[in-house]
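Okay, here's what each chain looks like letter by letter:
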Amino acid sequence: MRYIEIHVGFDDVDSPSGGCTTHYASLLLAKWVKRGLELIDYPNLTRLNPGVPWKTRGNGSVVIRARVESEDRAKDLFEEALSFIYEYLGAYSEDWKKYSQPAVAMYVGEVEDRIKWFGSKALYDIVPISLLELLLDKVRGRLYYSVPGSGKRGLIGAIAGIGNRMLRGDYTYELVAYRSPDYIGSERKVSKESIIAMDKLYGRDTILNYDYETDRPLIMPHGPDPVLLGIRGEEPDILLKAFSKLDIYEPVPLAVVYRTNQHTDQHLKPINNLKEAYPYRSIKIYAQVSTKPRRILGGHVLFKITDGSDEIDVAAYQPTGGFRDIVEMLEPGDLVEVMGVIRPPSSRHGRTLNLEKIHVVMAKPKIVLENPKCPKCGARMKSMGRNKGFKCPKCGFKSKSATKIKRVVKRSLEPGWYEPPPRAFKHLMKPIKRFGREKEGFPKIYRPGTVVLVEGRSLSIRS
Ligand code: ATP
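In this convention, every chain numbers its residues from 1, walking through the sequence in written order. Given that this is a predicted model, residues contribute local features only at a pLDDT of at least 70 and side-chain atom pairs are listed and counted only at 80 or more, while totals for whole chains, interfaces and linings are drawn from all residues. Heavy atoms throughout the structure, all of them, feed into the side-chain values; hydrogens and water do not.

> Mind showing me how you'd approach the sheet that holds strand β23 (residues 398-399) here?
Paired through their backbone hydrogen bonds, the strands of a sheet run either parallel or antiparallel. The strand order β21-β22-β23 describes an open sheet built from three strands, whose pairing is antiparallel. Looking at strand neighbours, the two that pair on one side only are β21 (382-383) and β23, the edges of this open sheet. Should DSSP find at least two bridges between two strands, the strands are regarded as paired. Helix numbering and strand numbering both begin at the N terminus, where a helix is a DSSP run of H or I of at least 4 residues and a strand a DSSP run of E of at least 2.

The following block contains the structure:
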């Protein structure tokens, strides 16, 4: 039988008052998988540029990739996804029309390069609606889309998700467990001790479970969204095992395993010139420290970097804790690789890079000038005045030709990578512990095992 690939992307199916795009997509996915939809990948959770100012939380977009036997079946699925958006937003997010511009898009066939390009741009840049319109014009016929609200903004994320196929390069997984509607808004009932125990067992292969410095679990969000918890890590099996170790005292109607670009640093656009550090872009650049870092009111640490022709501010903010102590050890002249989102200039500061991680490439040797030692008795000599030579205070020896001696002082800052504590991590930031563990690719057609768990931990659905 001839199959057709479909890639169904969603974004902005939420509002500040409730709902979550991943929750909407997971409910839809559960229905589809139950009816036997043949997935060709895990559902993808793509985090897009964290610098986008109008994101609700983590700028996430979800894509379900599957194969179907006919274009008619594809169209039916698209219609179903659309009508479910109205149903979902009606139930979870009454005021969505005021705040959100939800979107569903379905690409039929193998994802084309234009869409891939659009997707990779949305990882680090601000994509204007005009570029979206240009793209829509070019892919007419192969892309179905609908925007139930007042604008097309959500379509940027929905299509960018489709374009980030994640077939080449690195990726991770996240198991997200959702709450029963009656529990949304109440305190999450997951035992802290069981999270610590899970972290002790599976911490090597999972990411950001617990912040031991502040004694706080990191797997649970705060606030009234439908997500109970998310466990992130290297392989789906580990996540399922880690999940089964948790003591949860509330119903878990649904959990889904996503394949995702979280913790891969994929959002960092390498640039060579600070002129390309546009506001709201996510970048990384090699540069030289040009001012001594200083701690300002509020506890933020600021310094400047230069590429020789331009200069911008770099900030390590108060929540990054001990990371700021490392940053404070920098000296002008040090060579660093810095990365993060560019904040636009304001009346109080210039363009500022919000520092996510730092690579100290070279800590410039610190040279101090010292008075020479007495050649007769070895005591440290004293200057007799500018250009007048030195005198030994111990034996009285004088020398007009003696000069100050240069001494290289060992810097306490070693070259290497430094990162903030786990609690200050954002979705895309790659922890240093993942260095060297990056994955190299994913099969084009892959039939995942368990992707959806219904009713607590019982695995009832397979593709
Ligand atoms: P949730 O996690 O609940 O889905 P969110 O933090 O992902 O919330 P959204 O409500 O999805 O935030 O809002 C992000 C909006 O920004 C979407 O409309 C999305 O299409 C749009 N967007 C995403 N990436 C870009 C980009 N690079 N340029 C311009 N717009 C973008």
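This is not the end of the story, as more comes after the structure.
> Is there a simple way to explain the side chain of T46 in this structure?
For T46, the location among the structural elements is in strand β3 (residues 44-47). The residues touching T46, leaving out its near neighbours within four places in the chain, are N59, G60, S61, L123, G161, N164, M166 and N261. We call two residues in contact when some of their heavy atoms are within 4.5 Å.

> Before we go on, may I ask you to explain the pattern of salt bridges in this structure?
Oppositely charged side chains can pair when the atoms bearing their charge come close. Take a side-chain nitrogen of Lys or Arg and a carboxyl oxygen of Asp or Glu: if they are within 4 Å of each other, that pair is a salt bridge. Per the stated rule, a full pass over the model turns up 39 salt bridges. For D310, the salt bridge goes to K275, with nearest N and O atoms at 3.9 Å. Of this pair, D310 sits in the loop between β16 (301-306) and β17 (311-316) while K275 sits in the loop between β13 (269-270) and β14 (282-289), and the two are 35 residues apart along the sequence. Across the pair D334 and R411 runs a salt bridge, and its minimum N-O distance is 2.7 Å.

> Explain the packing of aromatic side chains here, please?
Remark: the centre distance and the inter-plane angle together describe each pair of aromatic rings, the angle taken between the planes. Each Phe, Tyr or Trp ring, with Trp reduced to its six-membered ring, pairs with another whose centre is within 6.5 Å; inter-plane angles below 30 degrees give stacked pairs, above 60 give edge-to-face pairs, and intermediate values give tilted ones. For the structure on display, the rule yields 14 aromatic pairs. Centre to centre, the rings of Y42 and Y446 are 6.0 Å apart; their planes meet at 25°, and the pair counts as stacked. Of the two residues, Y42 is situated in the loop between β2 (38-39) and β3 and Y446 in the loop between β25 (416-418) and β26 (452-454); the sequence distance between them amounts to 404 residues. In this structure Y42 comes out as buried when scored by relative accessible area, which is 4%. Between the aromatic rings of F78 and Y144, the centroid separation amounts to 6.0 Å while the plane-to-plane angle is 45°, which identifies the pairing as tilted. Here the residue F78 occupies a position in helix α2 (residues 71-92), and Y144 occupies one in strand β6 (residues 143-146), the gap between them amounting to 66 residues. By relative accessible area, F78 is classed as buried at 5%. Three exposure classes are used, based on accessible area relative to the maximum for each residue type with a 1.4 Å probe and protein chains only: buried under 20%, partly exposed in between, and exposed over 50%.

> Please explain helix α7 (residues 192-202) as it appears in this structure.
In an α-helix, one full turn covers 3.6 residues, which means residues spaced three or four apart are oriented alike. Within the span of α7, buried status applies to S194, I195, M198, D199 and Y202. For α7, the angular spread of buried residues about the axis comes to 140°, placing them on one side. In α7, the exposed positions that point more than 90 degrees away from the buried face belong to E193 and K200. Looking at the packing, one finds that the buried side of α7 touches β8 (206-207), β9 (210-211), β10 (216-217), β11 (227-233) and α8 (236-244). Under the rule applied, a polar contact is a pair of N or O atoms within 3.5 Å (in protein, one hydrogen donor and one hydrogen acceptor; residues adjacent in sequence only if both atoms are side-chain atoms). Where α7 begins, the side chain of S191 points an oxygen toward the backbone nitrogen of E193, at a separation of 3.4 Å. Directions are taken from the helix axis to each C-beta atom, and the arc is the one they span.

> What should I look at first to understand the domain arrangement of the chain in this one?
Interfaces are frequently sized by the accessible area removed from exposure as the parts join. Segmenting the chain into domains produces domain 1 (4-265 + 437-458), domain 2 (269-365 + 411-421) and domain 3 (367-408). Its C-alpha centre places domain 1 at a distance of 32 Å from the equivalent point of domain 2. Listed as interface residues are ten residues of domain 1 and, on the opposing side, seven residues of domain 2. When the two sides are added together, the surface that domain 1 and domain 2 hide from each other amounts to roughly 770 Å², 51% of it contributed by carbon and sulfur. Throughout the structure description, domain borders are defined by an automatic or database domain assignment. Buried area counts how much accessible surface, traced with a 1.4 Å probe, disappears from two parts once they are put together, with both parts' losses summed.

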